[in-house]
Amino acid sequence: MHDTGRGEPMNRGRHRVRAIGFALVVSLVVVPFTVADERDRPATAAAATTRYEPVQPCRLADTRSGVGFSLRNWQTARIGLDTCGLPTDAAAIVVTATIVNDAGRGFLTLYPASSTRPNAANLNWDPGITRGNTATVAVSAAGVDVFKSNGFASGHVVVDVVGAFVPATEATSGRFVAPAAPRRLVDTRGGPAPASGDALRIPVPDGVDADATALAITVTAVKSSGRGFFTAYPAGTDRPEASLLNVDRAGQFRAAATVVPINADGFDLYVDTSSHVVVDLTGWFTGPSADASSAGLFVPVAPRRIRDTRPEAKPIHPTGTIDVVLPGRLTEGVQTEPPAAVAVSMTMIDALGQGFLTAHAARNARPETASGYGLRGELTAQFGFTATSSAGLAVYSSSGTELTVDLLGWFTGPSLGTPLPPAVNPVPRQRVLAIGDSSMAGVDRNFANGALLGADFTFLARSCRRLVRPSCSGREGPIPPPTALDTINAAGVDNYDVLIMMTGYNDLMPGVASDVPTIVAAARRAGFRRIIWMTMAREFRSDRGGADSFQVYEGHNSAIRANAAVHDFMIAVEWSALVRQSPSWVYSDGIHLDRPGGWAAADVMSRAVAHVTGQPCPLPEVPGGATADVCPDPGTRPPIDVRRLYGF
């Protein structure tokens, strides 16, 4: 973003211009006051379809200067649309919103002023970073409302506008053309990186109408040399006070999509800090020489979440692809077929590693381009226009990630066919760490490890193990075992996928409520994608001390269930319910495992791993029976006759 955090004056039009030809198109990238009076604008005519009108990139609002925003409450500000040369009848605008050095973590949502805030996000960030993302935003007569989850008292927000959509039922200029496959325009990694202050001249691409008004592009910064920003604008014009992409430090990979206005010479890409850049084309908007048509018109909608992998069993696994089905009746009142393309905001959440996303028409070949880039554990929002097929769109992840997809609007016209089979998202062999005390040790003592199936298990059961507080001495010797927390911290980072906990019988009730979230946080830091916690048997044990003693585990299970209820990645498997139905699994104390219980515990763990990772059960519930495509939660099923299933 221009002069963000750098204190440099504007220097419009005085920079080095490097012409970029398409011979540079090479390899694949390996890479979401005060309260002011409302200023009413003329009511926008109700129109289902719109055409695009580019404007010179312009700063619409900036909390640092107090320009453009009027605060509605501590989390919501309003932006009017009577600046930057925007059409008075705009139905939607295209903006880049940037968060500047926020001290907290949060998200930003832009939506029509005075309407209900949708369950969607245009931008996500972690503390201390500067990051931007583009969006199409439907507007109302009052403008646009901006919701900032952690409030406007922290950090700053900047909003730049690059164009608007105005009502049209047919048009020559301003219709979107979505190529069947995005293509690479520029990749500087084959030569020297652009220097700080360079502006790359990128001509109108082959196949694009000479009088096209704007290009939809994705720009990726590769191995930045330091903090800086990137700006795209019509070739040869003064560089505007606006940005499309920011980097915070040396060695960073960042990507952003935008719509850049062009002229006969193409557009310039200004590089504030030296970095290799990759530019991919995802479409363009027609000029006045195009035929009049109703195809390629935009239908803006309030943001709507259409896919969220977090509550699902599977994220996008490394090199996996998921299909995103568009909502039914999406085009009602405008056309009957699926749309030609969609505008979406995709957010990578808890990415497994450094890598990229590619969005494309579902069941069509994946292009060698990138739609977004993220690092391990980052929250990264990415805007884009994507061609669709009759099956919707597909999203590929090179490194694996959880993903949300928010629909911002769609373009009229025919969609592509589906020449290929459905997407595949294979589950890698899961690496499981099981941590337990003397209850789980019954699996070992009863030689039931043969029921640990379908994954690679590291099984660590020691009597007297506690969660966080120092363990007691168990039957293995006078030296207390490491706590569950110590064991997780010693496991390293990203060495396991799933954590199974069958620990806590030796912990006092008052501390468990804080110990369970401590374990959950440590597991997430260590890279565990899923947590399975077996609830404790005999919740209402009354012997050896009565209902007030530490042997009562109702409170422990309440803490486990409460944490599972607020985390999509955690499940409480109701071992307590299974044991109540199968008292022969445990000894007279109601906790420690007899031979059937050892085999049952191992079987439940195996099924739970399959359940939380979206795989079939490793064995049917009865010999010769069928297995579901996704194993059901074993804690919700009747107890399995393990003697019959395993033949003992």
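Residues numbered from 1 in each chain as written. Predicted model: local features only at pLDDT ≥ 70, side-chain atom pairs only at ≥ 80, totals over all residues. Heavy atoms only, no water.

1. Looking at the overall build of the protein
Tallying secondary structure elements over the protein gives seven helices and 32 strands in all. Radius of gyration (C-alpha) of the protein: 28 Å, near the 26 Å computed for a compact globule of 648 residues. For the C-alpha atoms alone, the extent of the protein along its principal axes is close to 85 × 50 × 50 Å. For the protein, the residues scored as buried account for 60% of the 648 residues in total. Accessible area for the protein stands at about 23,700 Å²; split by element, carbon and sulfur atoms hold 53% of it. Taking the 57 positively charged and 59 negatively charged side chains of the protein as two groups, their mean positions are separated by 4 Å. (Helix = DSSP H or I, 4+ residues; strand = E, 2+ residues; numbered from the N terminus. Rg over C-alpha atoms; globule rule 2.2 N^0.38 Å. Buried < 20%, exposed > 50% of the residue type's maximum accessible area, 1.4 Å probe, protein only. Areas by Shrake-Rupley, 256 points an atom, 1.4 Å probe, with all protein chains shown as cover. Lys, Arg positive; Asp, Glu negative; His and termini not counted. Charge placed at Lys NZ, Arg CZ, Asp CG, Glu CD.)

2. Comments concerning the pattern of salt bridges
Under the criterion given, the structure shown has 27 salt bridges. Its salt-bridge partner being Asp350, residue Arg524 comes within 2.7 Å of it at the nearest N-O pair. Of the two residues, Arg524 is situated in helix α3 (residues 509–525) and Asp350 in the loop between β22 (341–349) and β23 (355–361); the sequence distance between them amounts to 174 residues. One continuous salt-bridge network, built from bridges that share partners, spans Arg59, Asp160 and Glu241. (Salt bridge = Lys/Arg side-chain N within 4 Å of Asp/Glu carboxyl O.)

3. Focus on the sheet that holds strand β7 (residues 123–125)
The antiparallel open sheet is built from five strands, whose spatial order is β3-β4-β9-β6-β7. Since the sheet does not close on itself, it has two edges, and those belong to β3 (69–73) and β7, each with one partner. Sheet twist, expressed as the mean angle between neighbouring strand axes with direction ignored, is 25 degrees. Pairing of strand β4 (residues 76–79) with strand β9 (residues 144–148) involves four bridges; the strand directions are antiparallel. Its bridge partner being in β9, Ile79 is matched across the sheet by Val144. (Pairing = 2+ DSSP bridges. Axes fitted to C-alpha atoms, helices over the stretch in contact; angles between N-to-C directions.)

4. Comments concerning the pairing of strand β12 (residues 183–187)
Across the five residues that make up β12, a large majority, four, are buried. Pairing analysis gives four bridges linking β12 to strand β19 (residues 276–285), with the strands arranged antiparallel. Among the inter-strand pairings, Asp187 is bridged to a residue of β19, identified as Val278.

5. Side note on the side chain of Asp280
Checked against the element boundaries, Asp280 lands in strand β19. Within the local environment of Asp280, its side chain forms a polar contact with the side chain of Arg184, the two groups lying 2.6 Å apart. Here Ala370 takes part through its backbone nitrogen, which lies 3.0 Å from a polar atom of the side chain of Asp280. (Polar contact = N/O pair within 3.5 Å; in protein donor to acceptor, adjacent residues only side chain to side chain.)

6. Some points on unusual backbone geometry
Positive phi is not limited to glycine here, since Cys84 has a value of about 65 degrees. If you trace the backbone, Cys84 turns up in the loop between β4 and β5 (92–100). Backbone geometry places Asp494, a non-glycine residue, at a positive phi of 65 degrees. Tracing the sequence through the fold places Asp494 in the loop between α2 (484–490) and β30 (498–502). Overall, Asp494 belongs to the partly exposed group, its relative accessible area being 28%.

7. Topic: the state of the cysteines
Taken as a whole and judged by the stated rule, the model has three disulfides. The disulfide that involves Cys58 links it to Cys84, with 2.1 Å between the sulfurs. Looking down the S-S bond of the Cys58 and Cys84 bridge, the torsion is -70 degrees, so its handedness is left-handed. Of this pair, Cys58 sits in strand β2 (residues 50–62) while Cys84 sits in the loop between β4 and β5, placing them 26 residues apart in sequence. Using a relative accessible area of 22% as the deciding quantity, one classes Cys58 as partly exposed. Among the residues examined, Cys84 registers a relative accessible area of 18% and is labelled buried. Paired through a disulfide, Cys617 and Cys631 show a sulfur-sulfur distance of 1.8 Å. Because the sign of the S-S torsion sets the handedness, a value of about 90 degrees for the bond joining Cys617 and Cys631 places this disulfide among the right-handed ones. (Disulfide = S-S within 2.5 Å.)

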